[in-house]
Amino acid sequence: MTKQSDKDSSKNSKSKEGLTVKKSENFSEWYSQIIEKAEIVDLRLGIKGFVIIRPWGTLIIERLYDMFEKELQNKGHLPVIMPSVIPESNLKKEESHIQGFAPEVFWLETDKEGKNGKEERLALRPTSETVFTPMFALWVRSHRDLPLKLYQRGSVFRYDTKSTRPLVRGREFYWIECHDAFATKKEAEAQVQEDIDTTRKILYEKFGIPFLPIRRPSWDKFAGAEYTIGSDVLMPDGKLIQQPSTHFMGQRFSKAFDAKFTTKEGKEEYLYTTAYGPAVSRILVSVISTHGDDKGLVLPFEIAPVQAVVIPIYTVKNKSKILKYAGEIMKKLEANGVRTKLDSDENSTPGWKFHEWELKGVPFRIEIGEKELKGKKFTLFTRDTGVKTTAPLGKFGYIKKLGEAYDKRLKTRADNNMKGKTVSCKTKEDIRKILKEGKIARVNFCSTEKKGEKCAEYVEKEIGAEVRGTLADRNEKPFGKCIICNTSANVVVYIAKSY
Ligand SMILES: [Zn+2]
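Keep in mind that what you see is a predicted model, and the values were worked out from it rather than measured.

Enquirer: Can you tell me about the pairing of strand β25 (residues 491-498), naming the residues and giving the values?
Expert: Note on strand geometry: in a regular strand, side chains alternate between the two faces of the sheet. Inspection of the sheet shows strand β13 (residues 239-250) paired to β25 by 2 bridges, in the parallel sense. Counted as the bridge partner of L240 is S498 from β25. Alignment of strand β23 (residues 440-445) against β25, held across 5 bridges, turns out to be antiparallel. What sits directly across from N444, in β25, is V492.

The following block contains the structure:
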C-alpha cells in the first residue's frame, strides 16, 4: 500500500486492497472478494437475499440491459411496464404455475379490513405470466393483432431458501421478461428458437460467454410451461449456472385466462404464448467469472462503462501542461465514440489509479506524462494482455478497432476454456471422475419424461449432481443403454453440478 492510499483509506478502504486469492485456487473466495473490492455490490445492509448494487455494478448492468433490449426490439419486441404486484386470484389461475411458485411467493399484507371490506391479497411478482396473459385477452382481438411481443425490464421476488451467493441466487433479481402471444403453435415454437438465437447473439457473441442450450427434463421445467430450454454456462469451479431460459407455454395460460382471438376463418381460438427471461444480475456473475483474472475484473469492451481511462502523471512543475494534454486526449477519444474517463483525482497516486482501474476491469489505460507530452504520443496499457505500447497522437479511431480485437480475444479464451469440458461417460464411476475434474458428463439416459425421474433422483442422491437435460439445438442419438437403470436409452443427457 502506498502512502496515498493510507491517507484516504477511511473513505472506501475495501476497494484499495487487491485480490488476495487466485481464481484458479479458490474460486469461491475469489468471487466473494472481487464483487466487493471492484465495487460491484455491498452486502453490509445484511438482508438475506437482497444486495445493494453499487454504481460500478449498476453501470455494467445498464449496459447489459441496453444490449439485450436493443436486440429484442430488433426482433419486434416492444417495451411495457407492468405492476410489481400480482393479485392472488391471478397468480392462482393456472394450477401448475401456482403449485410451482407458491413456496417462493412474498405476500403483501393488503388483506386488511378497510372501509370497503377486505382488499384482495397481493403478491410481489415472482414472474409475470399471470398479469400479461389477462392483458393479452384484452389487447388481442383478431389474428391481425398477432404476433404480440412485449417485454419489461425490472426485478422479481422469490423467497429462495438457497440464496447464499450474491447475484447468483437472490430473493430479488433483475431481469428482462418477454411475454409473446401467437396464433399458432408453430409460430410460438419458432419464437423459442428465436430466443435461443438472442441468447447466442448477446450472451455469446457480445459478452463472450459460451453456453449450452439445454432442453430441461419434464420434472425441471418452468411451472406452467409445456417445455423449457435453459442456457447452461460453466463456472470456473465446474458448476453450471443457468442463464436465459425460454418457455413454451402452449395454450395453458391462455386457457386459464380465457385469452382468445379470432382466426382468419372467423373462428375463436386460444393464444399460444411463450416467455423468455434473461436475468441481467445473474449474467453479470458470468461476465465476472468467465473473464476476470487474479488482478480483478476484465470487462468486455462493449460492456465496460469506462472503455479507456486516461491517467495523467505529473510533477508540481509540469502539472498544468500535462493535465491540459490529458484533457485534449480524453476529448479526442470521446469524439471517436470511446467511453472515456480522465482520472485527475489529486488524492491518489498514478500507481494506485493503475491498480484501481485494473481491479475494475477497464479495457484500456492511457498514461500521459512528460515523455508522452514531449513526443506527442501516449502510452497504452491493455487490461487482458497486460501489454504496454506507445502510439503517436492522432490515431484515436483505432482504439475502437483495438476494442473489437480485445472482445474477440476474450471470447476465444472463453471458447478454449470450454474445449474438452464435456466428456462422454459409460459408467457411473466415469461420471464421478469427470465431475471431480470440474467437467460436464454426457451420458445415455432412459428418458427426460416421467419415466426417467427415478434415475435422475439417483444421480442427485448418489452422485450429487443434476440431470440438466438434452441439447436443444441438436438431436443426439443415444449410444448405449441408460447409464443408471440399464434399460434402453432414449436420450443423451448432460449431467453436472449446478448452482
Ligand atoms: Zn434410466
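Okay, back to it.
Enquirer: Got a sec to walk through the sheet that holds strand β19 (residues 364-368)? Specific residues and values, please.
Expert: Judged by pairing direction, the sheet is mixed, and its 5 strands sit side by side in the order β18-β17-β19-β20-β21 without closing on themselves. The open sheet terminates on both sides in strands that have one partner only, identified here as β18 (340-342) and β21 (388-392). Each strand axis lies, on average, 25° off the axis of its neighbour in the sheet, ignoring direction. Here β19 pairs with strand β20 (residues 377-382) via 4 bridges, running antiparallel. Counterpart to R365 in the pairing with β20 is F381.

Enquirer: Account for the packing of helix α4 (residues 55-74) against helix α10 (residues 280-291), naming residues and giving values.
Expert: Relative orientation and spacing of two packed helices are given, respectively, by the angle between their axes and the distance between those axes. Two elements in contact, α4 and α10, have axes separated by 10 Å at closest approach and are oriented at 105°. Classified by the angle their axes make, α4 and α10 are roughly perpendicular. When α4 is examined against α10, the residues G57, I60, I61, L64 and Y65 are found in contact with a partner set consisting of V280, S281, I283 and L284. Of the residues in the contact of α4 with α10, the class split is 7 nonpolar, 2 polar and no charged.

Enquirer: I'd love a proper account of the environment of F68, names of residues and values included.
Expert: Residue position: F68 is located in helix α4. A sequence separation of 138 residues divides F68 from K206, and the C-alpha atoms of the two residues are 9.8 Å apart. Here F68 is in contact with I176, I202 and P278, once residues within four sequence places are set aside.

Enquirer: Describe the sheet that holds strand β4 (residues 85-87), naming the residues involved and giving the relevant values.
Expert: Spatial ordering of the open sheet is given by β4-β8-β5, a layout of 3 strands whose pairing is antiparallel. The open sheet has two edge strands with one neighbour each: β4 and β5 (107-108). Bridging between β4 and strand β8 (residues 122-124) involves 3 bridges; their strand directions are antiparallel. Among the inter-strand pairings, V85 is bridged to a residue of β8, identified as L124.

Enquirer: Explain the nonpolar core to me, and be specific about the residues and the numbers.
Expert: Membership of the largest hydrophobic core comes to 125 residues, with the highest contact counts inside it found for L284, V310, I368, F445 and I495. Tallying contributions element by element places strand β10 (residues 172-182) first for this core, with 7 residues. Those residues in contact with I368 that sit more than four places away from it in its chain are V310, P312, I313, I322, Y325, A326, I329, L373 and F378.

Enquirer: Talk me through the confidence of the model for the chain; I want residue IDs and the actual numbers.
Expert: Low-pLDDT portions of the prediction should not be read for the details of their coordinates. Per-residue confidence for the chain gives a mean pLDDT of 93; residues scoring 70 or more make up 95%. Note on residues 1-15: pLDDT under 50 across the span, and 19 contacts to partners over four residues away in sequence or across chains.

Enquirer: With reference to specific residues and values, describe the packing of α4 against helix α8 (residues 185-206).
Expert: Closest axis-to-axis distance for the α4/α8 pair is 10 Å, and the angle between their directions is 145°. Relative to α8, the crossing made by α4 is right-handed. Contacts from M67, F68, E71 and L72 of α4 reach α8 at T198, K201, I202 and K206. Residue classes in the contact of α4 with α8 are distributed as 4 nonpolar, 1 polar and 3 charged.

Enquirer: Tell me about α4, and name the residues and values.
Expert: For α4, built from 20 residues, the straight-helix expectation of 28 Å at 1.5 Å per residue is met to within 8% by its first-to-last C-alpha distance of 28 Å. Listed in full, the buried residues belonging to α4 are G57, I60, I61, R63, L64, F68 and L72. Angular distribution of buried residues about the axis of α4 spans 165°; they occupy a single face of the element. Residues of α4 that are exposed and angled more than 90 degrees away from the buried face: P55, D66, K70 and N74. Elements in contact with the buried residues of α4: β1 (41-42), β2 (52-53), β9 (148-157), β10, α8 and α10.

Enquirer: I'd love a proper account of the domain arrangement of the chain, names of residues and values included.
Expert: Accessible area lost on assembly of the parts is the figure often given for the size of an interface. According to the domain assignment, the chain contains domain 1 (52-291), domain 2 (308-403) and domain 3 (422-498). A separation of 42 Å is found between the C-alpha centroids of domain 1 and domain 2.

Enquirer: Provide a residue-level description of helix α3 (residues 27-37), including the pertinent values.
Expert: Because each turn of an α-helix spans 3.6 residues, side chains separated by three or four positions end up pointing in the same direction. Among all positions in α3, only W30, Y31, I34, I35 and K37 are buried. Positive phi shows up at E39, right after α3, with a value of about 60°.

Enquirer: Residues and numbers for the environment of K411, please.
Expert: Mapping K411 onto the fold places it in helix α14 (residues 398-418). K411 gets classed as buried once you count the C-beta atoms within 10 Å, which come to 20. Distance in space between the C-alpha atoms of K411 and F207 is 7.7 Å, their sequence separation being 204 residues.

Enquirer: Break down the environment of A414 for me, citing the residues and quoting the values.
Expert: Following the sequence through the fold, A414 ends up in helix α14. A tally of 19 C-beta atoms within 10 Å means that A414 is categorised as partly exposed. In the structure, A414 is positioned 123 residues away from H291 in sequence and 7.4 Å away in space, judged by C-alpha atoms. Leave out the neighbours within four places in its chain, and A414 touches G208, I209, P210 and T290.

Reading the values: rules and limits
- Residues numbered from 1 in each chain as written.
- Predicted model: local features only at pLDDT ≥ 70, side-chain atom pairs only at ≥ 80, totals over all residues.
- Pairing = 2+ DSSP bridges.
- Helix = DSSP H or I, 4+ residues; strand = E, 2+ residues; numbered from the N terminus.
- Axes fitted to C-alpha atoms, helices over the stretch in contact; angles between N-to-C directions.
- Parallel < 35°, antiparallel > 145°, perpendicular 65-115°, else oblique.
- Contact = placed C-beta atoms within 7 Å.
- Nonpolar A, V, L, I, M, F, W, Y, C, P; charged D, E, K, R; others polar.
- Core = buried A, V, L, I, M, F, W, Y, C linked by C-beta atoms within 7 Å.
- Buried ≥ 20, exposed ≤ 12 C-beta atoms within 10 Å, placed from the backbone.
- pLDDT = per-residue confidence, 0-100.
- Left-handed = near helix turned anticlockwise from the far one by under 90°.
- Expected span 1.5 Å × (residues − 1).
- Arc of directions from axis to C-beta.
- Domains from an automatic or database assignment.

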